[in-house]
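Secondary and tertiary structure notes
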2 protein chains.
Amino acid sequence: MNKQRQTSNGVGNIYFTVGPTQTHPKLGEYLNEGLEKGIYSISHRGKQFGELFTHTVSSLKTLLNIPPDFHVFFIGSATEGMELILENCAEDKSFHFVNGAFSKRFFRTAQELGKHPERLEVPAGEGFDMQKALIPKDTELVCITVNETSTGVSVNMPDIRALKLKHPGTLFAADIVSSVPYALVDWDAVDCAFFSVQKGFGMPSGLGVLIVNGACIGKSEQLKARGVNIGSFHNFSALLKYAGKQQTPETPNVMAIYVLGRVCDDYIEKGLASIQKETDEKARLLYAFLDASVRYPAFVKKEAWRSKTVIVAETPEGSATVLKRLSERGYIVGAGYGEFKDTHIRIGNFPMHKVEDVKKILKVLE
Amino acid sequence: MNKQRQTSNGVGNIYFTVGPTQTHPKLGEYLNEGLEKGIYSISHRGKQFGELFTHTVSSLKTLLNIPPDFHVFFIGSATEGMELILENCAEDKSFHFVNGAFSKRFFRTAQELGKHPERLEVPAGEGFDMQKALIPKDTELVCITVNETSTGVSVNMPDIRALKLKHPGTLFAADIVSSVPYALVDWDAVDCAFFSVQKGFGMPSGLGVLIVNGACIGKSEQLKARGVNIGSFHNFSALLKYAGKQQTPETPNVMAIYVLGRVCDDYIEKGLASIQKETDEKARLLYAFLDASVRYPAFVKKEAWRSKTVIVAETPEGSATVLKRLSERGYIVGAGYGEFKDTHIRIGNFPMHKVEDVKKILKVLE
């Protein structure tokens, strides 16, 4: 598996999709390593798994600058993260900033769970003037999608921080699915956050990571004591109890927890600053091209709202022909999301994606 | 990765644990194949994933003889299976056959979800006289752990069938975690069942499979219509809606869904009858040894209750020394579960385990 071409994955293709996306160049090596060490056979209640758990949590905390008093839980997906946060951090009232499919899913999940969420909704492609948001006094939880993967709009941490300062007694949840590791979280402003590993970490899907502070645990315990349904095996009490033993309530995706630790180690070695710089450079190239282009204008007009990791272009001629032209050269790029399937393309900009390939993509588009 | 020794996994060890356990001998090959085909990068909303989904479901249905009208859903773990079944198939009243840690977890999960479960509990190591069970008339769901992995006690399908005939209007759920693929389910008697892939399928953990019929879907829809909380992204309506498109609500563990399809293909080629025959032979060797042994008597005394896939022995001298003696020869066997940690050993008997290795283990124990 080590022999695979470093720049490509699959049958000669390079995936510039927004996740699942191009896998980490060393994925084959890491998977093989885990197999040879017997990691896919070890007990999730034993010492060896405990060490693995501890290593991955520690490496992730270092990489994402997570304060020591935050807890890291392993779950199935980011989608599960939405459910768990809503069950454990809000009895009835969450407030959602909605500007696309994933922020809307967060809102709808609250409804499905029988709660009464409120929202501030703006059109797709737009961001928020967060300071002007009227958040009802009885709001228990504010839910923010840091990077709206469906439209390529991002929210800045200083804006979240300013909002949190105005609502210190309210819990803040951040969907950081497609923004990590590039965009660091302000852990003073965010009480809990979640992501999945098939985007910025270049891993196969099947693992979600949930990061929560003591305030979230406290809220969950209050709800539990009052008989509110906070879920069963993955409620925060259960996750916390097992995390204290370097374990998970169920048999988890041990392979992915192992590989995540290895990818974090690799990113730490490379240096997050260097990853960020490269990401900025690729984003600059892409947006500069789109801004100069008549055929492919950037969907997000305002620079401050533009995501650096999910770049969305309008394709008035239809996305299918553009995607086809790119795929013929071995570049797999994402179609638009939902209603924009035929009129947008979405380009992932993650650590696995090389500047030289971005330049080649732009050449194909020219 | 193809060069790994066929009989061993890890640093020369062979895992006879009850799951996670010895991995399928072709696991490395399958993982590599998926990487080379680009499967870890494809979109879970695209055609290629749909084909993969369809193949795995179809292969699984063939192997486990699942009727065409049952639905196969992919979830995170068997533990999640318990939660989902209870949320979607019982508003308040489930009834549980409890004889060990996992059947108890099923019962407790119902309590955690705010329901009012009842149970018939017998001591660890014992099975049930199911026909004598007094199941209250208002029971919505009967929960049966076909193979109690903590103690090595199993329930026979004809007994479940007889009970179902007495309660045709009640849904029956079966935990088949450590019994598949060896023990086929009587799909006339069971409305839903779940398992995870790190046992009889020899895969890394991180994927659960949930199999449900129309009656379960109907019940779930009734509960939803009445405003009962049936969960969000993994409620049966959501799972069904996406399965109809050969998809999952969230980005799933695509790698594991792919590998599961390959393992099923392999088992179908080998023939389930042949796998069952080998399993019987290994179980016969193990129980014959234990029954003739003073130092390691079988924990389950009654033959009809004895699991063929999880064989538990008492270790009056303490389990630690036995486990150590075995591990020195490269055989990793499980300790007892929970309170039996120091006084039992548990031996997994799955398709990856070879008769010759069972004989060697018995030689070490002699």
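Think of each chain on its own: its residues are numbered from 1, step by step along the sequence as written. Here every chain gets a letter starting at A, and every ligand a number starting at 1, in the order they are written. Side-chain atom pairs in this predicted model are given and counted only at pLDDT of 80 or more, local residue features only at pLDDT of at least 70, and totals for whole chains, interfaces and linings cover all residues.

**As for the overall build of chain A**
If you tally the helices and strands in chain A, you get eleven helices and 13 strands. Taking 2.2 N^0.38 as the reference for a compact globule, 366 residues should give roughly 21 Å; the C-alpha atoms of chain A span a radius of gyration of 20 Å, in line with that estimate. Considered along the principal axes of its C-alpha atoms, chain A spans approximately 60 × 55 × 30 Å. Residues classed as buried in chain A amount to 57% of the 366 residues present. For chain A, contacts bridging at least 24 residues in sequence account for 70% of all contacts bridging at least 6. Helix numbers and strand numbers start at the N terminus; a helix is a DSSP run of H or I with at least 4 residues, a strand a run of E with at least 2. Computation of the radius of gyration draws on C-alpha atoms, with the globule rule given as 2.2 Å multiplied by the number of residues to the power 0.38. Residue burial is a threshold on neighbouring C-beta atoms within 10 Å of the residue's own C-beta, all placed from the backbone, with 20 or more meaning buried, 12 or fewer meaning exposed, and counts in between meaning partly exposed. With C-beta atoms placed from the backbone, a contact is any residue pair whose C-beta atoms sit within 7 Å.

**A few points about the environment of Gly348(A)**
Residue and element names in this part refer to chain A. With respect to the helices, strands and loops of the structure, glycine 348 is situated in strand 13 (residues 344-348). Sequence-wise, glycine 348 and glycine 334 are 14 residues apart; in three dimensions their C-alpha atoms are separated by 7.9 Å. Leaving out residues up to four positions away in the same chain, glycine 348 has contacts with Phe16, Thr17, Val18, Gly19, Thr21, Thr309, Val310, Gly334 and His353.

**Remarks on the sheet that holds strand 9 (residues 192-196) of chain A**
Residue and element names in this part refer to chain A. Overall, mixed pairing links the seven strands, which are arranged 2-10-9-8-5-3-4 in an open sheet. Each edge of the open sheet is held by one strand with a lone partner, namely strand 2 (71-75) and strand 4 (118-121). The mean angle between the axes of side-by-side strands here comes to 20°, regardless of whether they run parallel or antiparallel. Sheet topology note: the strand 3 (residues 94-98)/strand 4 ladder contains four bridges and is parallel. Across the sheet, residue valine 98 finds its bridge partner in strand 4, namely glutamate 121. All axes are obtained by fitting lines to C-alpha atoms, using only the stretch in contact for helices, and the reported angles, taken between N-to-C directions, cover 0 to 180 degrees. On the sheet, helix 6 (residues 214-225) packs against strand 8 (171-175), strand 9 and strand 10 (208-212) and is oriented at approximately 110° with respect to strand 8. We call two strands paired when DSSP finds no fewer than two bridges between them.

**Comments concerning the interface of chain A and chain B**
Opposite the 51 residues of chain A that make contact, chain B presents 51 residues. Looking at the side of chain A that touches chain B, the elements with two or more residues in it are helix 1 (27-36), helix 3 (78-89), helix 4 (101-112) and helix 8 (254-270) of chain A. Top element by residues in the side of chain A that touches chain B is helix 1 of chain A. It accounts for six residues.

**Side note on the domain arrangement of chain A**
All names here are of chain A. Domain annotation for chain A reports domain 1 (14-25 + 271-365) and domain 2 (27-268). The split into domains, and so the bounds of each, comes from an automatic or database assignment of domains. For domain 1 and domain 2, the distance between their C-alpha centres works out to 25 Å. In this complex, domain 1 contributes 29 residues to the contact, which on the side of domain 2 involves 26 residues. Elements with a minimum of two residues in the side of domain 1 that touches domain 2: helix 9 (272-292) and strand 11 (310-314). Examining the composition of the side of domain 1 that touches domain 2, we find that four residues originate from one element, helix 9, more than from any other. The classification used treats Ala, Val, Leu, Ile, Met, Phe, Trp, Tyr, Cys and Pro as nonpolar, Asp, Glu, Lys and Arg as charged, and all other residues, Gly among them, as polar. A class-by-class count of the residues in the side of domain 1 that touches domain 2 yields 15 nonpolar, ten polar and four charged.

**Notes on the relation of the copies chain A and chain B**
We superpose the copies by least squares over the C-alpha atoms of residues that have a pLDDT of at least 70 in both of them. With an RMSD of 0.0 Å, the fit of chain A onto chain B corresponds to turning through 180° and sliding 0.0 Å along the axis. In short, the pair behaves as if placed about a two-fold rotation axis. Rotation axis and chain A: the residue whose C-alpha lies nearest the axis is Gly76(A), separated from it by 2.8 Å. A share of 100% of interface residues in chain A that are also interface residues in chain B marks the association as one of identical surfaces.

**A short note on the environment of Ile275(A)**
Residues and elements named next belong to chain A. Considering the arrangement of structural elements, one finds isoleucine 275 in helix 9. The exposure class assigned to isoleucine 275 is partly exposed, which follows from the 17 C-beta atoms found within 10 Å. C-alpha separation for the pair isoleucine 275 and valine 185, spaced 90 residues apart in sequence, amounts to 16 Å. Setting aside residues up to four positions removed in sequence, isoleucine 275 forms contacts with Pro181, Tyr182, Tyr267, Lys270 and Pro351.

**A word on the pairing of strand 11 (residues 310-314) of chain B**
Residues and elements named next belong to chain B. Counting buried positions along strand 11 gives four out of five residues, so the element sits mostly inside the fold. With five bridges joining them, strand 11 and strand 13 (residues 344-348) adopt antiparallel strand pairing. Opposite valine 310, over in strand 13, you have glycine 348 as the bridge partner.

**Focus: the packing of helix 2 (residues 47-64) of chain B against helix 8 (residues 254-270) of chain B**
Residues and elements named next belong to chain B. Relative orientation of the contacting elements helix 2 and helix 8 amounts to 40°, with a least axis distance of 9 Å. Taken together, the axes of helix 2 and helix 8 lie oblique to each other. Judged by the twist between their axes, the crossing of helix 2 over helix 8 is left-handed. Counting all contacts with helix 2, which are made through Phe49, Leu52, Phe53, His55, Thr56, Ser59, Leu60, Thr62 and Leu63, the residues of helix 8 involved are Val254, Ile257, Tyr258, Leu260, Gly261, Cys264, Asp265, Tyr267 and Ile268. Of the residues in the contact of helix 2 with helix 8, the class split is twelve nonpolar, five polar and one charged. Orientation categories follow fixed angle ranges, with anything under 35 degrees roughly parallel, anything over 145 roughly antiparallel, 65 to 115 roughly perpendicular, and all other angles oblique. Less than a right angle of anticlockwise turn of the near helix away from the far helix marks a crossing as left-handed, whereas a clockwise turn marks it as right-handed.

**Examining the sheet that holds strand 12 (residues 331-335) of chain A**
All names here are of chain A. Here we have four strands laid out as an open sheet, ordered 1-12-13-11, and mixed in their pairing. Either end of the sheet is taken by a strand with one partner, and the two such strands are strand 1 (14-16) and strand 11. The mean inter-strand angle of the sheet, taken between neighbouring strand axes irrespective of direction, is 35°.

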